[in-house]
Amino acid sequence: MSKRKSRETHMLLGECLSQVWMLLPRLWECCCFRHLLELLRRTAVHGESNSVLIVGPRGSGKTMLLSYVLRELLEEKDVNKNVLQVHLNGLLQTDDRIALKEITRQLNLENVVGDKVFGSFAENLAFLLEALKKGNRSSSRPVFFILDEFDLFAHHKNQTLLYNLLDVSQSAQAPVAVVGLTCRLDVLELLEKRVKSRFSHRQIHLLSALTFRQYLEVVCTQLSLPSDFPDSRFSEEWNNSKLTEDKSVEDVLQKHFNISKDFRSLHVLLLLALSRVTTSSPAIQPTDLVEARRLCAADYKANILHGLSILELCLIIAMKHLNEIYEGEPFNFQMVYNEFKKFISRKSRSIHNFEKPVVMKAFEHLQQLELVKPMEASTTKIQREYQLMKLLLDHSQIMESLQRYPQCPTDVKQWAASAFA
């Protein structure tokens, strides 16, 4: 009897633990919500400057968490009237000049700035914040600076934007809250010492608790037609399809789920599948989703290689060999040109011997396509032929593209496959 009771107790304890484990992500999200809300409220109500980073993989709810916090905060009458928001994105504001112009636009201070010339970024930002004051220092309007793709701002020259924003938040010049959103766990390692010292080191980590079963339910919901759809018969047939029960579809969705739990990437996949629906085939077939997955997984750089001329392809192969010989060290055009000439004189019978200016033009085209990148900003002190460059393709991408390149000469393929140029 005691053994039976012990077994029942263990089973009950196991069930309780599993329920607690399932509730943990929600409890953590609730704690994060309250913590961020309180942090931003202190800036909005009490004029206390703060900085915080929200870190988590794509699809973990970073933007949603911030949106809910801002929505609840702005429902308070005093906060709604007073607080200003500036939203910046590292993908759009690619340098500090563009970012400053966007800050000016969002704060509606274009007329105040006018044609004024400022000596530095810090002076310009200080002027903008000064313009927001309503009289005395205590009545400065709080500003929320929300930096999406925060890690990309760390790549700006001297990290001037981050330094000045965090400096303002630390020195209490004006009530500001700097909120960064990023996917990178090592984001603090990207910051310069002077920037890091001005950051509060508050971090909110979010983890996606989504299971694959829940993911499949989201897929079914996204593909379902609404109850008020005009053609009820078609709607019923469409919604009753068992697409996610197909093994090939489940495999495709499992791969997509393993790579990214972000619903935006899922929407792209489903839209590509939906675009294959026609009047003759009025339902999504498993093959449509398989093809959509292939398109999503396609390497766009490898696809660019298929449209290159033979000369440009030869230059890519020459750079590949230089990478192998010098173990990834940067190279210049002259080194690439010498490697190409060596191939022409020794191994090639099908490639025309191009003049150097023509080869230089082809090299510049590769740079425009962003297959090659200069190591430093362009400078007049260094001749173009000797500017250090880096190849943005790896060995597998080049070799895979060569296999698919239409009518690629045999000697070029052999040159690419050879261990030494």
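Residues numbered from 1 in each chain as written. Predicted model: local features only at pLDDT ≥ 70, side-chain atom pairs only at ≥ 80, totals over all residues. Heavy atoms only, no water.

An unreviewed UniProt entry annotates the protein chain as Origin recognition complex subunit 4 originating from Denticeps clupeoides. The Function (unreviewed entry) comment attached to the protein chain in UniProt states, word for word, "Component of the origin recognition complex (ORC) that binds origins of replication." (UniProt positions renumbered as here; feature names shortened; annotations may be inferred.)

A. Fine view of the environment of H267. Counting through the fold element by element, H267 comes out in helix α13 (residues 263-274). Spatially, the C-alpha atom of H267 lies 8.9 Å from that of V219, the residues being 48 residues apart in sequence. (Helix = DSSP H or I, 4+ residues; strand = E, 2+ residues; numbered from the N terminus.)

B. Inspection of the sheet that holds strand β2 (residues 84-89) at higher detail. The parallel open sheet is built from five strands, whose spatial order is β2-β3-β4-β1-β5. At either end of the open sheet lies a strand with only one pairing partner, and these are β2 and β5 (203-205). For this sheet, the mean angle separating the axes of adjacent strands, direction not counted, is 15 degrees. Helix α8 (residues 160-171) rests against β1 (50-55), β2, β3 (143-148) and β4 (176-182) of the sheet, and its axis sits at about 135 degrees to β4. (Pairing = 2+ DSSP bridges. Axes fitted to C-alpha atoms, helices over the stretch in contact; angles between N-to-C directions. Contact = heavy atoms within 4.5 Å.)

C. Structural detail: the environment of L147. Residue position: L147 is located in strand β3. Separated by 35 residues in sequence, L147 and T182 have C-alpha atoms that sit 8.7 Å apart. Once you skip the residues sitting within four places of it in the chain, L147 turns out to touch L88, F153, L162, L165, V178, V179, G180 and L181.

D. Quick peek at the packing of helix α16 (residues 310-325) against helix α17 (residues 333-346). It is at 9 Å that the axes of α16 and α17 come closest, and there the two elements cross at 110 degrees. Considering their axes alone, α16 and α17 lie roughly perpendicular with respect to each other. Judged by residue contacts, L311, C314, L315, A318, M319, H321, L322 and I325 of α16 engage M335, V336, E339, F340 and F343 from α17. By residue class, the composition of the contact of α16 with α17 is eleven nonpolar, one polar and one charged. (Parallel < 35°, antiparallel > 145°, perpendicular 65-115°, else oblique. Nonpolar A, V, L, I, M, F, W, Y, C, P; charged D, E, K, R; others polar.)

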